[in-house]
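Observations on chain architecture
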Amino acid sequence: MWTSFFANLRDAFSKSDEPPLQLESKPVESDMVIEEEGVFASLWSSVRDVFFPVKLPPLVLESKPIAVLDRMKTKQNPVATGSAVVIYGLIILLIAFLLAKKVQFSAPVRTLQVTELSVPPQAPAKAQAMGGGGGQRGPTPVVKGSPPKFADTQIVPPNKPPLVEPKIKIDPTIEVQQDVKMASNLPQVGVPNSPIIGPYSGGGGTGTGLGSGNGSGLGPGSGGNTGGGPRRIGGGVSAPVLIFSVEPEFSEEARKAKVAGNVLVNLWVDTNGNPSHVHVIRGVGMGLDEKAMEAVRQYKFKPAMENGRPVLVELNVEVNFQIF
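Here the structure is a predicted model, which means the values were calculated and not measured.

1. Comments concerning the overall build of the chain
Helix and strand content of the chain: five helices and 13 strands. Residue burial in the chain is summarised as follows: out of 324 residues, 29% are buried. The long-range share in the chain, meaning contacts at least 24 apart out of those at least 6 apart in sequence, stands at 74%. Counting every atom, the chain has about 23600 Å² of accessible surface; 61% of that belongs to carbon and sulfur.

2. Topic: a nonpolar patch on the surface
Residues Leu-43, Trp-44, Val-47, Val-50, Phe-51 and Phe-52 make up a contiguous nonpolar surface patch of about 720 Å² in total accessible area. Position of Phe-51 among the secondary structure elements: in helix 2 (residues 39-51).

3. Focus on the pairing of strand 8 (residues 261-269)
Among the nine residues in strand 8, eight count as buried, and that is most of the element. The pairing of strand 8 with strand 13 (residues 313-322) spans nine bridges and is classified as antiparallel. From the neighbouring strand, Gly-261 faces strand 13, where its bridge partner is Phe-321. The pairing of strand 8 with strand 9 (residues 275-282) spans five bridges and is antiparallel. Looking at strand 9, one finds that Val-269 is bridged to Pro-275. Between the end of strand 8 and the start of strand 9, which pair antiparallel, lie five residues, with Gly-273 showing a positive phi angle near 85°.

4. Observations regarding the pattern of salt bridges
A complete count under the given rule lists one salt bridge for this structure. Measuring nitrogen to oxygen at the nearest pair gives 3.2 Å for the salt bridge that ties Arg-282 to Glu-318. With a gap of 36 residues between them, Arg-282 in strand 9 and Glu-318 in strand 13 connect regions that are remote in the sequence. Judged by relative accessible area, which is 40%, Arg-282 ranks as partly exposed.

5. Observations concerning the packing of aromatic side chains
Following the criterion strictly, the structure yields two aromatic pairs and no others. Judged by centre distance (5.4 Å) and plane angle (90°), the ring pair of Phe-250 and Phe-321 falls under edge-to-face. With Phe-250 in the loop between strand 7 (241-244) and helix 4 (252-257) and Phe-321 in strand 13, the pair connects residues that are 71 residues apart, well separated along the chain. Overall, the relative accessible area of 5% leaves Phe-250 in the buried class. Arranged with centres 6.2 Å apart and planes meeting at 65°, the rings of Tyr-299 and Phe-301 form a pair that is edge-to-face. Of the two residues, Tyr-299 and Phe-301, neither departs from the other in class, the shared state being buried.

6. What about the nonpolar core?
Of all hydrophobic cores here, the largest spans 23 residues; its most connected members are Val-265, Leu-267, Leu-288, Val-296, Val-313 and Phe-321. For this core, the secondary structure elements donating two or more residues are strand 8, helix 5 (288-296) and strand 13. Filtering out sequence-adjacent residues up to four positions away, Val-296 remains in contact with Val-265, Leu-267, Pro-275, Val-278, Val-317 and Val-319. If you look at the next biggest cluster of nonpolar residues, it comprises six residues, including Val-142, Ile-174, Val-176 and Leu-218.

Each value, and the rule that gives it
Residues numbered from 1 in each chain as written. Predicted model: local features only at pLDDT ≥ 70, side-chain atom pairs only at ≥ 80, totals over all residues. Heavy atoms only, no water. Helix = DSSP H or I, 4+ residues; strand = E, 2+ residues; numbered from the N terminus. Buried < 20%, exposed > 50% of the residue type's maximum accessible area, 1.4 Å probe, protein only. Contact = heavy atoms within 4.5 Å. Areas by Shrake-Rupley, 256 points an atom, 1.4 Å probe, with all protein chains shown as cover. Patch = residues over 30% accessible without salt bridge, like charges linked within 9 Å, V, L, I, M, F, W, Y side chains within 5 Å. Salt bridge = Lys/Arg side-chain N within 4 Å of Asp/Glu carboxyl O. Pairing = 2+ DSSP bridges. Phe/Tyr/Trp six-rings, centres within 6.5 Å; stacked < 30°, edge-to-face > 60°. Core = buried A, V, L, I, M, F, W, Y, C linked by side-chain atoms within 4.5 Å.

That's the geometry; what it means functionally is another story.
Quick look at the structure:
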């Protein structure tokens, strides 16, 4: 380091006389050297090339193509191709099998059907479960005998035999549907199934009928008719008309088990067209019975009519749960 430092100081303060540098190289003659032309010469060359171009010999291509590996080309695996063909074939066969077996893929369709109820003429054993009847004040229950004539409208109520026969005799009636049959040949006014034998008695109820009820009908309950039951459809009683309904839903249990069937629901339709006393009389289980009653309770009817006034009736509603 110190040697180089002192050498630089010596060169800086002591100048050595050296001969001048002489250039001995010469330009080489070559075709690559381009001589610059004058302005007019360059203009004349351009005009000559435009109007009188020089014809050059045809170009001969002496290069040969070289095979290069295509990086974008994909190689198809025969095993994968065969597997795909087999899988697609199995899927097509499975779909064809399901179509041949008529397997349904749509949601279950529910239909509703309203039917009339054929009520037996006799009152059921449990009269308190019904809602019609009649009666009069009397010392005892209704005695054994033949009931008065059944009529839609009562004109003369039943009563004990008069002491003096009237000049114009009108048979007593009670408001009971005329298609109800209670056969009896006893001369006294009463009911044929009564165990009491004695003088006439209206039954201890209130009204103009026979029995312990209230009204112009026969038996316990109120509002007319017999046995405490609602009017039966037929004769002078028209059927109620369904004006609003809801579609019942499948229960989750029935949907999983694919259970279908008809649920027969019994109900009363009151004078306002509202359902009551809804219960199942023939069910299928799996939660469909409850779903059917839940839907029927939301129905709305135009009430049944008798002699121009709405009346209470009983009917059946059949709810169909069917998977198509």
